Amino acid sequence: EVARIARTITRALRLNEDLSEAIAFGHDLGHTPFGHAGEVALTEVMGEPFRHNEQSLRVVDVLEKDGQGLNLTYEVRMGILGHSSHSRMPETLEGQIVRKSDQIAYINHDIDDAMRGGIIFPTDIPVHISETLGFTHGERLDTLTMDIIENSREGNAIRQSEHIAQAMAELKQFMFDSVYFNPLAKGEEGKAEDMICLLFDYYAKHTDKLPPEYQDILVREGAQRAVVDYIAGMTDSYAVETFSNLFIPKGWMVK
């Protein structure tokens, strides 16, 4: 979704579509299992902030191609690093486009996920926001994308109009109030954090159980780095499966 939005904006502005797409495809490679909960857990065990954008850059620079990394350009690498709101704004317009496309994509997909989960309903979104941005997923994407295109044709920056930016900020605040901090949505987060911490403790004590590709990292950079790289690369389902195999007793099959 991020790549599609970014390519649309980049093409309309006659910029480098391949650069935008490369940044978009790489920007979230460092995401932990369970999203923010995974980042919180790894921050706790590392004793320093774990940031998925920095891990994404590490994936392409260090972990890919059996430890050789990918030969990516500076512009792609800095676009990946700079896609998060807490990081420095990317130097290229394509990187700025991906950063904004990411914000557009995740807030709209979070709305869809929350609706499917029964946490919010379409009528819960304040009417004045929907009247500005649209009442459906497609309408919101179209409004936000076209607004950036129309307001970025002149000058040397990627911009939104003031009233669309304000509506998007209000939509984000609505999501924080109704979804991101909703006990119904956050109820399982503590379990996820505990799971990640237990996996970290296990592999830190049993480094021989790490897959072969992480043994070189173990030698070069130590156990903590190797274990964090392994866990950060897990999907939600793989983390749950690994945890179950390590910590949940298997039932006896009596024939």
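Residues numbered from 1 in each chain as written. Predicted model: local features only at pLDDT ≥ 70, side-chain atom pairs only at ≥ 80, totals over all residues. Heavy atoms only, no water.

1. Considering unusual backbone geometry
Part 1 of the reasoning: Unusually for a residue other than glycine, R14 sits at a positive phi of about 60°.
Part 2 of the reasoning: Phi angles above zero are rare outside glycine, and F34 is one such case at about 65°.
Part 3 of the reasoning: Tracing the sequence through the fold places F34 in the loop between α2 (17-26) and α3 (36-46). (Helix = DSSP H or I, 4+ residues; strand = E, 2+ residues; numbered from the N terminus.)

2. Concerning the packing of aromatic side chains
Part 1 of the reasoning: Tallying each qualifying case throughout the model produces 7 aromatic pairs.
Part 2 of the reasoning: Ring centres of Y202 and F247 lie 6.1 Å apart, and the angle between their planes is 80°; this geometry places the pair in the edge-to-face category. Residue Y202 is located in helix α11 (residues 189-205), and its partner F247 is located in helix α14 (residues 236-247); the two are separated by 45 residues in the primary sequence.
Part 3 of the reasoning: Taking the relative accessible area as the measure of exposure, F247 reaches 33% and is therefore partly exposed.
Part 4 of the reasoning: Clustering of aromatic rings is evident, with ring pairs tying together Y202, Y203, Y214, Y230, F243 and F247. (Phe/Tyr/Trp six-rings, centres within 6.5 Å; stacked < 30°, edge-to-face > 60°. Buried < 20%, exposed > 50% of the residue type's maximum accessible area, 1.4 Å probe, protein only.)

3. Side note on the environment of I149
Part 1 of the reasoning: Along the polypeptide, I149 turns up in helix α8 (residues 137-151).
Part 2 of the reasoning: In this structure, the C-alpha to C-alpha distance between I149 and I97, residues 52 residues apart in sequence, is 9.9 Å.
Part 3 of the reasoning: Not counting residues within four places of it along the chain, the set of residues in contact with I149 comprises T8, I9, A12 and L13. (Contact = heavy atoms within 4.5 Å.)

4. Quick look at the pattern of salt bridges
Part 1 of the reasoning: Using the criterion set out here, one finds 15 salt bridges in the structure.
Part 2 of the reasoning: Between E17 and R7 there is a salt bridge, with its nearest N and O atoms 3.0 Å apart. Taken together, the residues span a long stretch of sequence, with E17 in helix α2 and R7 in helix α1 (residues 2-12) at a distance of 10 residues.
Part 3 of the reasoning: Taken together, the shared-partner salt bridges in this structure form one network comprising R7, R11, E17, D18 and E21. (Salt bridge = Lys/Arg side-chain N within 4 Å of Asp/Glu carboxyl O.)

5. What to know about α11
Part 1 of the reasoning: For α11, which comprises 17 residues, the first-to-last C-alpha distance of 25 Å matches the rise-based estimate of 24 Å (1.5 Å per residue) to within 8%.
Part 2 of the reasoning: Buried within α11 we find A192, E193, M195, I196, C197, L199, F200, Y202 and Y203.
Part 3 of the reasoning: Residues of α11 that are buried make contact with α3, α13 (223-232) and α14. (Expected span 1.5 Å × (residues − 1).)

6. Considerations on the environment of I97
Part 1 of the reasoning: Among the structural elements, I97 can be located in helix α6 (residues 93-116).
Part 2 of the reasoning: The spacing of I97 and T242 is 145 residues in sequence and 37 Å in space, taken between C-alpha atoms.

7. Describing the environment of S237
Part 1 of the reasoning: Within the secondary structure, S237 sits in helix α14.
Part 2 of the reasoning: For S237, a relative accessible area of 55% puts it in the exposed group.
Part 3 of the reasoning: For S237 and M78, which are 159 residues apart along the polypeptide, the C-alpha to C-alpha distance reads 30 Å.

8. Some words on the side chain of H83
Part 1 of the reasoning: With respect to the helices, strands and loops of the structure, H83 is situated in the loop between α5 (74-81) and α6.
Part 2 of the reasoning: Judged by relative accessible area, which is 2%, H83 ranks as buried.
Part 3 of the reasoning: A polar contact is formed between the side chain of H83 and the backbone oxygen of I80, at a distance of 2.7 Å.
Part 4 of the reasoning: Apart from residues lying up to four places away in sequence, H83 is in contact with H27, D28, H52, N53, R99 and D102. (Polar contact = N/O pair within 3.5 Å; in protein donor to acceptor, adjacent residues only side chain to side chain.)

9. Some words on the side chain of R99
Part 1 of the reasoning: One can find R99 in helix α6.
Part 2 of the reasoning: A polar atom in the side chain of R99 sits 3.0 Å from the backbone oxygen of G82.
Part 3 of the reasoning: In terms of polar contacts, R99 uses its side chain to reach the backbone carbonyl oxygen of S87, at 3.0 Å.
Part 4 of the reasoning: Discounting chain neighbours no more than four positions away, the residues touching R99 are G82, H83, S84, S85, S87, R88, M89 and P90.

10. Quick notes on the nonpolar core
Part 1 of the reasoning: In terms of nonpolar packing, the biggest core is built from 39 residues, with I9, I104, I120, L133, L171 and M175 touching the most fellow members.
Part 2 of the reasoning: Excluding residues within four positions of it along the chain, I9 makes contact with I97, S101, T145, I148 and I149.
Part 3 of the reasoning: Formed by 24 residues, the second largest nonpolar core is a distinct cluster that contains C197, L199, Y203 and F243. (Core = buried A, V, L, I, M, F, W, Y, C linked by side-chain atoms within 4.5 Å.)

11. What about a nonpolar patch on the surface?
Part 1 of the reasoning: Taken together, the side chains of L198, F247 and I248 define a hydrophobic patch exposed on the protein surface, amounting to about 240 Å² of accessible area.
Part 2 of the reasoning: Position of I248 relative to the elements: it lies in the segment after α14.
Part 3 of the reasoning: Since its relative accessible area comes to 44%, I248 is described here as partly exposed. (Patch = residues over 30% accessible without salt bridge, like charges linked within 9 Å, V, L, I, M, F, W, Y side chains within 5 Å. Areas by Shrake-Rupley, 256 points an atom, 1.4 Å probe, with all protein chains shown as cover.)

In short, geometric facts, not functional conclusions.
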